[in-house]
Amino acid sequence: MSKEFRVGIIGLGSRGHTHVVDILAERDDVVVTALCDVYEDRIEDTKNCLEEKRSWNNIFTTTDYRKVCERDDVDVVFVFSAWENHIPAAIYAMNCGKQVGIEVGGAYSIDDCWELVHTYEKTGIHCMMLENCCYDRNEMMVMRMVREGVFGKIVHCEGGYMHDLRDEIVYGEEKRHYRLRNYKNRNCENYPTHELGPIAKILNINRGNRMVSLTSMASGAFGLNEFAKNNDDANPELRTFNFAQGDIVKTNIKCAGGELITLTLDTTLPRNYSRNFTVRGTKGYYSEVCDGIFMDGGEHFSKDFYGNAEEYRKTWEHPVWHKFEIEGVKGGHGGMDWLIFEAYFEALRNGDSFPIDTYDTAAWMAITPLSEISIQNGGSPVSIPDFTRGMWTDRPESDLCHGFFSLDK
């Protein structure tokens, strides 16, 4: 493939627009040739920004994502649209011979996940989920420590998406945001891959280990009603609307290696932002909330545990971030947005395996419909499909380290 990637974009909401303008338009190896959104004002806004920033004056625009996938001047399709469009758009692009990357979010059915896998096996084109949290500085440091045995045998990993989104959801009609319709109609772990992605890499999921089963339970839905009552300009119907989505969802996942993963969705009550990234092993553990690392033999009530992660960073900083710091951190969310795209293009350019491939994407997205089934059945265990069909037992390890991501550099 040419060193210059001709890119088509599907979805230009806040996330998509930011990716295009602040990351893709900053890369010397990318030219954006096509833009798509269901809202024409979003297309115009992004197009104007690109014309001003890069003088790209011949960008094709459309409200039909299929036309982007069908164009001869598009090599790579990025899907940044609403959750329900991620898999259909990715499959269509793959069948058109385009390389594909999709934003994070859960699937709507297990059949969709299997269709994504079948499409890869038919076309040979992987669909990589652009899970930026896999490249966060702390997650990568902890992954390196796990790889080198610092925490011993990993027993339990915890994380989730804890983010007060009441304003975004309740004003979903005004903001034209898809979360509102999802929270009205679905009750599930709808956003599993922060932190499941980094945890899956730490536990070698699909590469010597796999997720076997899950149980999921949800609280009642009260937060959005309360928020709507307290805001006079909110749609009054939402004050008493029977939202399907529980305020808190807890999902426990059992792995073949004996590890337990706990995910939390917490987006409709007042709170600070956190992903609660936690890794527990037989020799010690890391806690995002405490910003600390506790090792075996430490004083159980020592205040030195809180905030000591920075000391460990001096020894265990991942080479990706060491290099990134020297060259200058850039991109959104503290730099991890830039790194996930760098990883994607690095793999594409060198013909490497993708650090997050279609089997990973399908397995992570499958947690959403499976959690929905478990919740509907009172928290009953649900089996997690093996999308690799047994290949997980001997697939090569992928620890986000290839090309300039090598631990040897």
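Conventions we followed
- Residues numbered from 1 in each chain as written.
- Predicted model: local features only at pLDDT ≥ 70, side-chain atom pairs only at ≥ 80, totals over all residues.
- Heavy atoms only, no water.
- Helix = DSSP H or I, 4+ residues; strand = E, 2+ residues; numbered from the N terminus.
- Rg over C-alpha atoms; globule rule 2.2 N^0.38 Å.
- Buried < 20%, exposed > 50% of the residue type's maximum accessible area, 1.4 Å probe, protein only.
- Contact = heavy atoms within 4.5 Å.
- Lys, Arg positive; Asp, Glu negative; His and termini not counted.
- Charge placed at Lys NZ, Arg CZ, Asp CG, Glu CD.
- pLDDT = per-residue confidence, 0-100.
- Pairing = 2+ DSSP bridges.
- Axes fitted to C-alpha atoms, helices over the stretch in contact; angles between N-to-C directions.
- Phe/Tyr/Trp six-rings, centres within 6.5 Å; stacked < 30°, edge-to-face > 60°.
- Lys NZ or Arg CZ within 6 Å of the ring centre and 35° of its normal.
- Disulfide = S-S within 2.5 Å.
- Patch = residues over 30% accessible without salt bridge, like charges linked within 9 Å, V, L, I, M, F, W, Y side chains within 5 Å.
- Areas by Shrake-Rupley, 256 points an atom, 1.4 Å probe, with all protein chains shown as cover.
- Salt bridge = Lys/Arg side-chain N within 4 Å of Asp/Glu carboxyl O.
- Parallel < 35°, antiparallel > 145°, perpendicular 65-115°, else oblique.
- Nonpolar A, V, L, I, M, F, W, Y, C, P; charged D, E, K, R; others polar.

(A) Representation of the overall build of the chain. The helix and strand inventory of the chain stands at 16 helices and 14 strands. Over its C-alpha trace the chain gives a radius of gyration of 21 Å, about what one expects of a compact globule, namely 22 Å for 409 residues. If one aligns the C-alpha atoms of the chain with their principal axes, the spans along those axes are about 65 × 55 × 40 Å. When burial is assessed residue by residue, the chain has 59% of its 409 residues classed as buried. In the chain, of all internal contacts separated by at least 6 residues, the share reaching a separation of at least 24 is 77%. Of note, the chain has its 44 positive side-chain charges centred 2 Å away from the centre of its 64 negative side-chain charges.

(B) Highlighting the confidence of the model for the chain. Of all residues in the chain, 96% have pLDDT values of 70 or greater, and the mean over the chain is 94. Confidence over residues 402–409 falls short of pLDDT 50; this stretch has 30 contacts with residues more than four positions distant or in other chains.

(C) Quick look at the sheet that holds strand E3 (residues 60–62). Reading across the sheet, the 6 strands line up as E3-E2-E1-E4-E5-E6 and stay open at both edges, with parallel pairing between neighbours. At either margin of the open sheet sits one strand with a lone partner, and together these are E3 and strand E6 (127–129). Between one strand axis and the next, the sheet turns through 25° on average, direction left out of account. Across the sheet, helix H2 (residues 40–54) is in contact with strand E2 (30–36) and E3; its angle to E2 comes to roughly 160°.

(D) Highlighting unusual backbone geometry. The peptide bond linking histidine 194 to glutamate 195 adopts the cis configuration, its omega dihedral lying at 15°. Locating glutamate 195 in the fold gives a position in helix H10 (residues 193–202). Of note in this structure, asparagine 276 is not a glycine but carries a positive phi near 50°. Residue position: asparagine 276 is located in the loop between strand E10 (260–266) and strand E11 (278–281). One non-glycine residue with positive phi stands out, namely histidine 333, at about 55°. Along the chain, the position of histidine 333 falls in the loop between helix H13 (319–327) and helix H14 (336–350).

(E) Fine view of the packing of aromatic side chains. As enumerated under the stated definition, the model contains 23 aromatic pairs in all. Taking the ring centre of tryptophan 338 as reference, the NZ or CZ of arginine 27 above it sits at 5.7 Å.

(F) Up close: the environment of threonine 215. Mapped onto the elements, threonine 215 comes out in strand E8 (residues 211–218). For the pair threonine 215 and asparagine 377, spaced 162 residues apart in sequence, the C-alpha to C-alpha distance is 9.7 Å. In this structure, threonine 215 is in contact with Lys250, Thr251, Asn252, Ser374, Gly379, Ser380 and Pro381, ignoring residues within four places of it in sequence.

(G) A look at the state of the cysteines. This structure, assessed with the given rule, holds 0 disulfides. Free of any disulfide, cysteine 127 has its nearest cysteine sulfur in cysteine 113, 10 Å distant. Looking at the unpaired cysteine 290, the closest cysteine sulfur is the one in cysteine 157, lying at 16 Å.

(H) Spatial organisation of the side chain of arginine 186. In this structure, arginine 186 sits in the loop between helix H9 (179–185) and H10. Residue arginine 186 is classed as buried on the basis of its relative accessible area of 9%.

(I) Examining helix H4 (residues 86–95) more closely. Within H4, 7 of the 10 residues are buried, which leaves the element mostly enclosed by the surrounding structure. Inspection of H4 places His86, Ile87, Ala89, Ala90, Ile91, Ala93 and Met94 among the buried residues, and these make up the whole buried set. Of the residues one or two after H4, glycine 97 is the one with positive phi, at around 85°.

(J) The arrangement of a negative patch on the surface in detail. On the surface, a cluster of negative charge is contributed by Glu173, Glu174, Asp232, Asp233 and Glu237. When you line up the elements, glutamate 173 lands in helix H8 (residues 172–175). When its relative accessible area of 49% is taken as the criterion, glutamate 173 is described as partly exposed.

(K) Representation of the sheet that holds E10. Spatially, the 8 strands line up as an open sheet ordered E13-E12-E11-E7-E10-E9-E8-E14, and their pairing is mixed. Pairing within the sheet leaves two strands with one partner each, and these edge strands are strand E13 (292–295) and strand E14 (382–383). Sheet topology places strand E7 (residues 154–162) next to E11; 4 bridges connect them, and they run antiparallel. Residue isoleucine 154 lies in a different strand from E11, and its bridge partner there is glycine 281.

(L) Layout of the packing of helix H1 (residues 14–23) against H14. Two elements in contact, H1 and H14, have axes separated by 11 Å at closest approach and are oriented at 75°. Judged by the angle between their axes, H1 and H14 are roughly perpendicular. Counting all contacts with H1, which are made through Arg15, His19, Asp22 and Ile23, the residues of H14 involved are Asp337, Trp338 and Phe341. Looking at the contact of H1 with H14 residue by residue, the classes come out as 3 nonpolar, 1 polar and 3 charged.

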